[in-house]
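# What the coordinates show
Now for the letters of each chain:
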Amino acid sequence: MKTAAFSRGFFFLGTAMKNLQDATERICELKGSLVALDALVTALLSQLPPEMRAGLLGTFEHNAEVARTVLLHTPISEHTIAAFERDVRRTAALIAE
């Protein structure tokens, strides 16, 4: 069963995409947002005292494991899983500094 929105174009995070250009622009917006969030998290981590970082590392590792379980049971690209694992290792190392 096709919905009216589906028949007009692609769906990307609840938004109808009319063509490949719209989808490409949205992907670029998401990449920019991700880079901004990465800069924020890095800045926040650099301000935390060492005793708070230890607790954060344990919580982060637990949450990463939950996310890993969800990803493994979702139809998702291997590229996405590899990027997730790379960023988890990088973030854990950043917290541990």
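Our subject in this report is the structure included herewith. Model, not experiment: these values are computed from the prediction.

Across its full length, the chain holds four helices and two strands. Taken from N to C terminus, the helices and strands of the chain fall in the order α-β-β-α-α-α. Expressed as a percentage of the 97 residues in the chain, the buried residues total 18%. Sequence separation of 24 or more characterises 35% of the internal contacts of the chain that already satisfy a separation of 6 or more. Element-wise, carbon and sulfur atoms account for 66% of the exposed surface of the chain, whose accessible area totals about 7500 Å².

This part takes up the packing of helix H3 (residues 50–72) against helix H4 (residues 78–96). Between H3 and H4, the shortest axis-to-axis distance is 10 Å and the interhelical angle comes to 175 degrees. It follows that H3 is roughly antiparallel to H4 by the angle criterion. Where H3 abuts H4, its residues Arg53, Leu56, Leu57, Phe60, Ala64, Ala67, Arg68, Leu71 and Leu72 lie against Ile81, Phe84, Glu85, Val88, Thr91, Ala92, Leu94, Ile95 and Ala96. Here the residues of the contact of H3 with H4 are counted per class, giving 14 nonpolar, one polar and three charged.

Here we come to the pattern of salt bridges. Summed over the entire model, instances satisfying the criterion amount to six salt bridges. Salt-bridge contacts for Arg68 lead to Glu65; the nearest nitrogen and oxygen are separated by 2.6 Å. Here the residue Arg68 and the residue Glu65 both occupy positions in helix H3, the gap between them amounting to three residues, near one helical turn. Note on Glu65: relative accessible area 42%, which makes it partly exposed. Connected via shared salt-bridge partners are Asp38, Arg86, Asp87 and Arg90.

A separate point is the side chain of Arg68. Looking at Arg68, the relative accessible area reads 18%, which means it is buried. Among the polar contacts listed, one links the side chain of Arg68 to the side chain of Glu85, at a separation of 2.6 Å. Excluding residues that lie within four positions of it along the chain, Arg68 makes contacts with Phe84, Glu85 and Val88.

This part is about the layout of surface pockets. Of the volumes computed, that of the largest pocket is approximately 450 Å³. In this structure, the largest pocket is lined by 15 residues; those nearest its centre are Leu34, Asp38, Asp87, Arg90 and Thr91. Only helix H2 (20–47) and H4 provide two or more residues apiece to the lining of the largest pocket.

Because each turn of an α-helix spans 3.6 residues, side chains separated by three or four positions in sequence point in the same direction. With 23 residues, H3 should cover 33 Å at 1.5 Å per step; its first-to-last C-alpha distance of 32 Å lies within 8% of that length. All of the buried residues along H3 are Arg53, Leu57, Ala64, Arg68 and Leu71.

About the cut-offs
Residues numbered from 1 in each chain as written. Predicted model: local features only at pLDDT ≥ 70, side-chain atom pairs only at ≥ 80, totals over all residues. Heavy atoms only, no water. Helix = DSSP H or I, 4+ residues; strand = E, 2+ residues; numbered from the N terminus. Buried < 20%, exposed > 50% of the residue type's maximum accessible area, 1.4 Å probe, protein only. Contact = heavy atoms within 4.5 Å. Areas by Shrake-Rupley, 256 points an atom, 1.4 Å probe, with all protein chains shown as cover. Axes fitted to C-alpha atoms, helices over the stretch in contact; angles between N-to-C directions. Parallel < 35°, antiparallel > 145°, perpendicular 65-115°, else oblique. Nonpolar A, V, L, I, M, F, W, Y, C, P; charged D, E, K, R; others polar. Salt bridge = Lys/Arg side-chain N within 4 Å of Asp/Glu carboxyl O. Polar contact = N/O pair within 3.5 Å; in protein donor to acceptor, adjacent residues only side chain to side chain. 1 Å grid on protein atoms, 1.4 Å probe; cavity = no way out; pocket = protein on both sides within 12 Å on 5 of 7 lines; lining within 4 Å. Points joined across faces, edges and corners; volume = space filled by probe spheres on them. Expected span 1.5 Å × (residues − 1).

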